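# Reading the structure
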Amino acid sequence: MPDTADGPPTTAPVGAGRNLLFLREEELRLAQDLLFFGYRDFTAGADQILAELDLGRAHHRVLHFVGRRPGITVGDLLGILGITKQSLGRVLTPLVEQGYVLQSTGRNDRRQRLLSLTPKGEALERRLFERQREWVMRAYREAGPVAVEGFRRVMRGLMGAEARGQLERLEQRPRPVAGRPQAASSPGGPAATDWPGTG
């Protein structure tokens with residue numbers, strides 16, 4: 001689960017002591033408002049696409065991270081999402097049954113279930129990404145490079161150590177342009193309910 005028990009990091013950024021007006025309660029409440037409304041509108045376009053397919057944000061998260069790390073194990077995906085196996089099962093099962101996600105058996109440990117996107121899943125993930133990409137590009141252009149770097153620093157600052165480590169592993173692992181791990185099974189292979197105890 002995400003390591004939020006001890007609260008956010010306490011390391012002060014360079015220059016934080018010069019002007020602390022942004023640490024007033026009203027400014028911090030504004031930050032909450034910005035996060036809420038920004039996330040609401042950022043996800044709205046993708047939500048519409050997902051709703052047409054009887055899917056939701058939880059399915060989008062799985063598509064995103066499986067697409068970012070083809071061959072990811074169920075255990076690693078659980079660590080990223082910070083949810084239980086039962087919760088992931090409710091999300092992953094329809095994605096497998098509808099042909100968006102492929103399960104394969106680990107080469108070194110056959111108890112593992114490795115996850116990758118099918119061509120159908122890749123197409124949907126790309127469609128969702130492109131809808132959100134335009135939203136982010138517009139905001140980045142309006143804000144400029146200095147603000148974008150500041151935004152990235154703030155977002156990293158909101159993460160705990162575990163989340164920052166997971167982000168670093170994603171950044172160090174470039175997404176393949178073509179080809180996915182060779183599957184040992186298919187959507188018609190091992191039942192989607194076989195995976196929760198593995199990986």
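Below, the structure is looked at part by part. (Residues numbered from 1 in each chain as written. Predicted model: local features only at pLDDT ≥ 70, side-chain atom pairs only at ≥ 80, totals over all residues. Heavy atoms only, no water.)

## Considerations on the packing of helix H1 (residues 25-52) against helix H5 (residues 119-143)
One can describe the packing of H1 onto H5 by two numbers: an axis separation of 8 Å at closest approach and a directional angle of 155°. On the basis of the axis angle, H1 is roughly antiparallel to H5. The handedness of the crossing between H1 and H5 is right-handed. On H5, the residues touching Asp41, Phe42, Thr43, Gly45, Ala46, Gln48, Ile49, Leu50 and Glu52 of H1 are Leu124, Arg127, Leu128, Arg131, Gln132, Trp135 and Val136. The residue inventory of the contact of H1 with H5, partitioned by class, reads eight nonpolar, four polar and four charged. (Axes fitted to C-alpha atoms, helices over the stretch in contact; angles between N-to-C directions. Helix = DSSP H or I, 4+ residues; strand = E, 2+ residues; numbered from the N terminus. Parallel < 35°, antiparallel > 145°, perpendicular 65-115°, else oblique. Left-handed = near helix turned anticlockwise from the far one by under 90°. Contact = heavy atoms within 4.5 Å. Nonpolar A, V, L, I, M, F, W, Y, C, P; charged D, E, K, R; others polar.)

## Quick notes on the side chain of Thr93
Of note, Thr93 is situated in helix H4 (residues 85-97). A polar side-chain atom of Thr93 sits 2.7 Å from the main-chain carbonyl oxygen of Gly89. (Polar contact = N/O pair within 3.5 Å; in protein donor to acceptor, adjacent residues only side chain to side chain.)

## Description of the packing of aromatic side chains
A complete count under the given rule lists two aromatic pairs for this structure. Ring geometry for Phe36 against Phe37: centres 5.0 Å apart, planes inclined by 80°, an arrangement best described as edge-to-face. The partly exposed category is assigned to Phe37, whose relative accessible area is 45%. With a centroid separation of 6.4 Å and an interplanar angle of 70°, the aromatic rings of Tyr140 and Phe151 are classed as edge-to-face. Of this pair, Tyr140 sits in helix H5 while Phe151 sits in helix H6 (residues 145-158), and the two are eleven residues apart along the sequence. Overall, the relative accessible area of 29% leaves Tyr140 in the partly exposed class. Since its relative accessible area comes to 41%, Phe151 is described here as partly exposed. Taking NZ or CZ as reference, Lys120 lies 4.6 Å from the ring centre of Tyr100, over its face. (Phe/Tyr/Trp six-rings, centres within 6.5 Å; stacked < 30°, edge-to-face > 60°. Buried < 20%, exposed > 50% of the residue type's maximum accessible area, 1.4 Å probe, protein only. Lys NZ or Arg CZ within 6 Å of the ring centre and 35° of its normal.)

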